[in-house]
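Examination of the molecular architecture
Residues per chain are reported as follows:
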Amino acid sequence: MPAQTDTLLRYRPWRGTLHGPGWAALAMARTSVRLMARRRLYWGLFALVLLVFFFFFYGQYLLAWIPGQLGDTVTVASVKVPVANFTKFLDRLNLNGSAHTFGNFVWFEGYVVVILLALAGSVLVGNDFHHGSLPFYLAKPIGRWHYVLGKCLGIGAVINLATTIPAIILWVEAGLLADWQTYYVNNLNLLAGILGYGLVLTVCLSLLVVATAVWVRQTVPMVMVWMGVFVLLRLLAGWVVDGLRADPEWRLIDLWNNLYLVGMWCLQVDPAEVRPQPQPAYWQAAAVVGGVCVGCCLYLRRRVQAVEIIG
Amino acid sequence: MSVLLELDGLTRTFGAFTALHDITLSLPPGRVGLLGPNGAGKSTLLKILMGLIPPTSGRGRVLDQELGGDRDSAGNWRLRRLIGFMPEADALVPGLTGVEYVTLAGELYGMPRREAQRRAHEVLSFLELDEARYRRVEEYSAGMKQRAKLAQAIVHDPPVLLLDEPTSGLDPAGRDAMLRLVKSLGADHGKSVILSTHLLADVEAVCERVVIVAGGRVLRVGTVAELCGRREDRYRVRIDGDPAGFRDDLVTEGVQVLGEFGPGEWRVSVPSGWTNLAFFKLAEVNGVVVRSLTRDDETLEELFLRTVSA
């Protein structure tokens, strides 16, 4: 500990211009990404994200390459087999650079993203409550919404690294595999749709992660809550609508499906083409997603309080 | 700055409970101890001073910044920029190294990133955490954690430091060092320090002024010297010779013996109208010699206990 005068003399005043609180949110977001990147579990989950991405990436490449290289049929043990038979298993994924390609991609990434976000929530937000870091943030010249914004930006970066950015790469790849000038010009709406879908995912999921982490704080309960929301409710919705033939509005309890529907709307997909059928209307899904966001904001407004700071 | 803080009829209620009652207070810049038992209203006062909660009624200013309004208002952000706050709770961010933690604090105060990084290294060196700056903060010892918390409070070089129990959890050596450091920041580097604590020794070691709070009211305000010197009836007397007779005669004359420090050395409280000459007369009568007679002011602890119990 510094006790001697010569040590104390090293203190130097600082004079400079201070930025507004918006910069603080950026600093928090940067720190959040750094904290996530230091977790081995994050890289393990990110490897799964990459696995799904590479499946789509090379699947798209394979489907473009095979017809050009092999023709319509290929001979296997003196038997001519249509090439289409080899790639049948990929048909359901629509790996053709269409809106369904990107919708399906985000849908499949969702399984990993859900676990990734449970980890992000407990590390980035739960710890602030669990380890008493909240006073560190809220005693600074920022508002509670800057705190929420900073955390949401950090979580949004994690979401976009797993969904939007790989989807954009798939869009670029689809253009390069086709007549690229025509594809890019004709499918700019798809790029806008991907960005819109990413924005919806970022806003809704990051708010939900922050609100859930404020509520349960630790990783294991976070995972349980997320599994309840994204797996149990999905199973329940499927069982009620597909099994009991109830109204398709029952699917609205499946949040990931609602996000998917809003994403499909962003990608301008005809509602009749969305699988599985029947589905609720786009506006109904959007209303649920909006309601979740508003609910999270109201909860955060109540819970992220100055009362946490002193005593 | 001529006034550190100025409060006028400040009241804060939570439902039917009044946490602060009509606080009127004016303090010049300097090192101020905020003393009070648990539930006295210290925490509520700190929250109001930081603009985290508004007063229910009354007005106040800290360094010319008006108190009140929503905690997220621009006025309260400006106020919090002037204050470096060291919370009592751990308030560390697990996973960050010491230098990242202090840099983040600088950025949250609004410092540009590179400036915040440079300044973080400076203050960590100043607090002798330079060798631990790349270690994660959750691995720090209790003393190091306290210093890291102090580092994040001074990273933007604020004019006011608000320290909530800064010696909490420290061993005696660490506590002494922390108190010397806080005193130095005030005395040598011109910071105003508001030290909230229930440890009287911390206030005595660091502060020039004391504010005693209890039951939501300010009971005493003044310099430590003023408050502790207010009782003029206390003496410390030491004699050579047989102490028994001298002591008995003192008691007979109405002198109250408050404490004994050894054979022939007492702390006494004299009755009104007593003159110092009386000590020497009694000594002469008993055949002893007065070796030392000094004014013995009331300690801060005595003052505090007397004030709070009253």
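Residues numbered from 1 in each chain as written. Chains lettered and ligands numbered in written order. Predicted model: local features only at pLDDT ≥ 70, side-chain atom pairs only at ≥ 80, totals over all residues. Heavy atoms only, no water.

1. Some details on the packing of helix α10 (residues 188-216) of chain A against helix α13 (residues 282-303) of chain A
All names here are of chain A. One way to put it is that α10 packs onto α13 with a least axis distance of 9 Å and a crossing angle of 40°. Between α10 and α13, the angle falls in the class oblique. Along this stretch, α10 crosses α13, giving a crossing that reads as left-handed. The residues of α13 that touch α10, namely those facing Val200, Val203, Cys204, Leu207, Leu208, Val210, Ala211, Val214 and Trp215, are Val289, Val292, Cys293, Cys296, Cys297, Tyr299, Leu300 and Arg303. Looking at the contact of α10 with α13 residue by residue, the classes come out as 16 nonpolar, no polar and one charged. (Axes fitted to C-alpha atoms, helices over the stretch in contact; angles between N-to-C directions. Helix = DSSP H or I, 4+ residues; strand = E, 2+ residues; numbered from the N terminus. Parallel < 35°, antiparallel > 145°, perpendicular 65-115°, else oblique. Left-handed = near helix turned anticlockwise from the far one by under 90°. Contact = heavy atoms within 4.5 Å. Nonpolar A, V, L, I, M, F, W, Y, C, P; charged D, E, K, R; others polar.)

2. A closer look at the nonpolar core
Residues and elements named next belong to chain A. Counting residues in hydrophobic clusters, the biggest one holds 143 residues, and the most contacted among them are Tyr147 and Trp226. Among the elements that make up this core, the one with the highest residue count is helix α5 (residues 99-130) (17 residues). Other than its neighbours up to four places away in sequence, Tyr147 contacts Met28, Val125, Asp128, Phe129, Leu134, Tyr137, Leu138, Ile142 and Val304. (Core = buried A, V, L, I, M, F, W, Y, C linked by side-chain atoms within 4.5 Å. Buried < 20%, exposed > 50% of the residue type's maximum accessible area, 1.4 Å probe, protein only.)

3. Focus on the side chain of Ser269 of chain B
All names here are of chain B. Structurally, the position occupied by Ser269 is in strand β13 (residues 265-269). Among the polar contacts made by the side chain of Ser269, one reaches the side chain of Asp233 at a distance of 3.2 Å. Filtering out sequence-adjacent residues up to four positions away, Ser269 remains in contact with Asp233, Arg234, Gly254, Val255, Gln256 and Leu258. (Polar contact = N/O pair within 3.5 Å; in protein donor to acceptor, adjacent residues only side chain to side chain.)

4. Quick look at the packing of aromatic side chains
In this structure the tally under the stated criterion is 25 aromatic pairs over all chains. Note on Trp171 of chain A and Tyr183 of chain A: the rings are 6.1 Å apart at their centroids and 50° apart in plane angle, and the pair reads as tilted. In this pair, Trp171 of chain A is assigned in helix α8 (residues 164-177) and Tyr183 of chain A in helix α9 (residues 180-186), connecting sequence segments twelve residues apart. Just as Trp171 of chain A is buried, Tyr183 of chain A falls in that class too. Taken together, the ring pairs in this structure connect Phe53, Phe54, Phe55, Phe56, Phe57, Tyr58, Phe105 and Phe108 of chain A into an aromatic cluster. A cation over a ring is seen here: Lys140 of chain A above Phe136 of chain A, with NZ or CZ 4.2 Å from the ring centre. Lying over the aromatic face of Phe261 of chain B, Arg236 of chain B brings its terminal NZ or CZ to 3.6 Å of the ring centre. (Phe/Tyr/Trp six-rings, centres within 6.5 Å; stacked < 30°, edge-to-face > 60°. Lys NZ or Arg CZ within 6 Å of the ring centre and 35° of its normal.)

5. Section: the sheet that holds strand β2 (residues 17-27) of chain B
Residue and element names in this part refer to chain B. Across the sheet, which stays open at both edges, the four strands sit in the order β2-β1-β4-β5 with antiparallel pairing between neighbours. Both outer strands of the open sheet, β2 and β5 (65-66), are each paired with one neighbouring strand and no more. As judged from the two bridges shared by strand β4 (residues 57-62) and β5, these two strands associate in the antiparallel manner. When the sheet's bridge partners are listed, Val62 is paired in β5 with Gln65. Packing against the sheet, helix α1 (residues 42-49) makes contact with β1 (5-14), β2 and β4, and its axis sits at approximately 120° to β1. (Pairing = 2+ DSSP bridges.)

6. Here's the deal with the interface of chain B and chain A
Contacts between the two partners involve 56 residues from chain B, matched on the other side by 45 residues from chain A. For the pair chain B and chain A, the two sides together bury roughly 4,800 Å², of which 61% comes from carbon and sulfur. Sorting the residues of chain B by area buried against chain A places Arg71, Trp77 and Leu108 of chain B first, and these three jointly supply 14% of that buried surface. Joining chain B to chain A, the criterion identifies five salt bridges. In this structure, the salt-bridge partner of Glu100 of chain B is Arg38 of chain A, at a minimum N-O distance of 2.5 Å. At the surface where chain B touches chain A, the tally comes to 17 residue pairs in polar contact (both at pLDDT 80 or more). Only α1, α2 (74-81), α3 (98-109), α4 (113-126), α5 (142-154) and α6 (172-187) of chain B provide two or more residues apiece to the side of chain B that touches chain A. Tallied by class, the residues present in the side of chain B that touches chain A amount to 25 nonpolar, ten polar and 21 charged. (Buried area = accessible area lost by both parts, 1.4 Å probe. Salt bridge = Lys/Arg side-chain N within 4 Å of Asp/Glu carboxyl O.)

7. As for the confidence of the model for chain A
Residues and elements named next belong to chain A. Chain-level pLDDT for chain A is 88 on average; 95% of the residues reach the 70-or-more range. The least confident element of chain A is helix α1 (residues 5-8), whose mean pLDDT is 49; the most confident is α8, at 95. Low pLDDT (under 50) marks residues 307-311, which in the prediction has 19 contacts with non-local residues, meaning those over four places away or in another chain. (pLDDT = per-residue confidence, 0-100.)

8. What about the confidence of the model for chain B?
Per-residue pLDDT for chain B has a mean of 88; in total, 98% of the residues score no lower than 70. For this predicted complex, the interface confidence score (ipTM) comes to 0.85, while the overall pTM stands at 0.83.

9. Considerations on the state of the cysteines
Residue and element names in this part refer to chain A. All told, the structure shown has zero disulfides over all chains when counted by the stated rule. Left without a disulfide partner, Cys152 is nearest to the cysteine sulfur of Cys297, which lies 7.9 Å away. Using a relative accessible area of 10% as the deciding quantity, one classes Cys152 as buried. With no disulfide of its own, Cys296 lies closest to Cys293 among cysteine sulfurs, the gap being 6.6 Å. (Disulfide = S-S within 2.5 Å.)

10. Details of the layout of surface pockets
Volume-wise, the largest pocket comes out at about 340 Å³. Lining the largest pocket are Arg92, Leu93, Asn94, His100, Asn104, Trp107, Phe108, Tyr260, Glu273, Val274, Arg275 and Pro276 of chain A. Among the elements that make up the lining of the largest pocket, the one with the highest residue count is α5 of chain A (four residues). By residue class, the composition of the lining of the largest pocket is six nonpolar, three polar and three charged. The calculated volume of the second largest pocket comes to roughly 220 Å³. For the second largest pocket, the lining is made up of 16 residues, of which Trp14 and Arg15 of chain A together with His156, Asp157 and Pro159 of chain B are closest to its centre. (1 Å grid on protein atoms, 1.4 Å probe; cavity = no way out; pocket = protein on both sides within 12 Å on 5 of 7 lines; lining within 4 Å. Points joined across faces, edges and corners; volume = space filled by probe spheres on them.)

11. Remarks on a negative patch on the surface
A cluster of acidic side chains, namely Glu6, Asp8, Asp22 and Asp64 of chain B, defines a negative patch on the protein surface. Note on placement: Asp8 of chain B falls in strand β1. (Patch = residues over 30% accessible without salt bridge, like charges linked within 9 Å, V, L, I, M, F, W, Y side chains within 5 Å. Areas by Shrake-Rupley, 256 points an atom, 1.4 Å probe, with all protein chains shown as cover. Lys, Arg positive; Asp, Glu negative; His and termini not counted. Charge placed at Lys NZ, Arg CZ, Asp CG, Glu CD.)

12. Quick look at a nonpolar patch on the surface
Residues and elements named next belong to chain A. Among the surface-exposed residues, Leu50, Phe54, Tyr58, Tyr61, Leu62, Trp65 and Leu177 lie close enough to one another that they form a single nonpolar patch of about 630 Å² accessible area. Considering each element in turn, the nonpolar patch owes the most residues, six residues, to helix α3 (residues 40-70). Tracing the sequence through the fold places Leu50 in helix α3.

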